[in-house]
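Chain by chain, the residues run as shown.
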Amino acid sequence: MRDKILLYSGGMDSTVLLHQYSDSIRLAVCFQYGSKHNHQEKKYAELNCKKLGVEFKVVNIDLVGMGLESSLLTSGDKIPHGHYTHKSMISTVVPFRNGIMLSIAAGIAETLNCKSILISNHAGDHAIYPDCREGFISAISSAISNGTYNNINVMAPFTNDTKRDVAIIGKGIGVDFSNTYSCYEGMESHCGKCGTCIERKEALEGFDDTVYA
Ligand SMILES: [Zn+2]
């Protein structure tokens, strides 16, 4: 039964979820929120959904127009280079992004009579992204459940896994990571230097066929 909505960026982690739950996903929702790399992610998101026969929908939300600030957004400063745990990486936080996307997904899920929303936050995000942590996920799951007739819950199976753990799960079920995109810079090839590129390299070590610039 297709009763789940997937928040699907086209990055590594949500692509693993797409493969794991492809038989029960009613709709994969790809948010275009004004980031520098949204358009690159979207290409792979669309491709993977087509390949697995999962319905795909692009939802545009103009966070730039709403005045939100982040170096990740097209209106923001340069993307910092370095590891995620560095203080400079805080500039890449898009304020309450997961909260905003989960709220919209809850409305879509209720409309389509779905039971769950899948999100691929993982433990590597915890250092700087508050809306990726367990406390937030369980609180918003409870809020969405209380606020919908279907008592929709949030499923975040990777919350306590590292990105390496997620990569190994993906490798085990045959995910082709060359059809995923991570880089915050949003160029054709991965820069290899931003926080998410460094994290990607560490996660895929030993089976990384990404071409870095
Ligand atoms: Zn990069």
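Computed from a predicted structure; not experimentally measured.

Quick notes on the rules
- Residues numbered from 1 in each chain as written.
- Predicted model: local features only at pLDDT ≥ 70, side-chain atom pairs only at ≥ 80, totals over all residues.
- Heavy atoms only, no water.
- Helix = DSSP H or I, 4+ residues; strand = E, 2+ residues; numbered from the N terminus.
- Rg over C-alpha atoms; globule rule 2.2 N^0.38 Å.
- Buried < 20%, exposed > 50% of the residue type's maximum accessible area, 1.4 Å probe, protein only.
- Contact = heavy atoms within 4.5 Å.
- Lys, Arg positive; Asp, Glu negative; His and termini not counted.
- Charge placed at Lys NZ, Arg CZ, Asp CG, Glu CD.

1. Overview of the overall build of the chain
A tally of regular secondary structure across the chain gives six helices and five strands. Order of helices (α) and strands (β) in the chain, N terminus to C terminus: β-α-β-α-β-α-β-α-β-α-α. For the chain, whose C-alpha radius of gyration is 16 Å, the value lies close to the compact-globule estimate of 17 Å for 213 residues. Structurally, the chain occupies a C-alpha span of about 45 × 40 × 30 Å along its principal axes. Classification of the 213 residues of the chain by burial places 54% in the buried group. Taking contacts inside the chain between residues at least 6 apart in sequence as the whole, the part at least 24 apart equals 67%. Here the chain contributes 20 positive and 23 negative side-chain charges, whose respective centroids are spaced 3 Å apart.

2. Examining the environment of Gly-124
When you line up the elements, Gly-124 lands in the loop between β4 (116-118) and α4 (134-146). Given the relative accessible area of 29%, Gly-124 is considered partly exposed. On a C-alpha basis, the gap between Gly-124 and Ala-45 in space is 22 Å, while along the polypeptide they are 79 residues apart.

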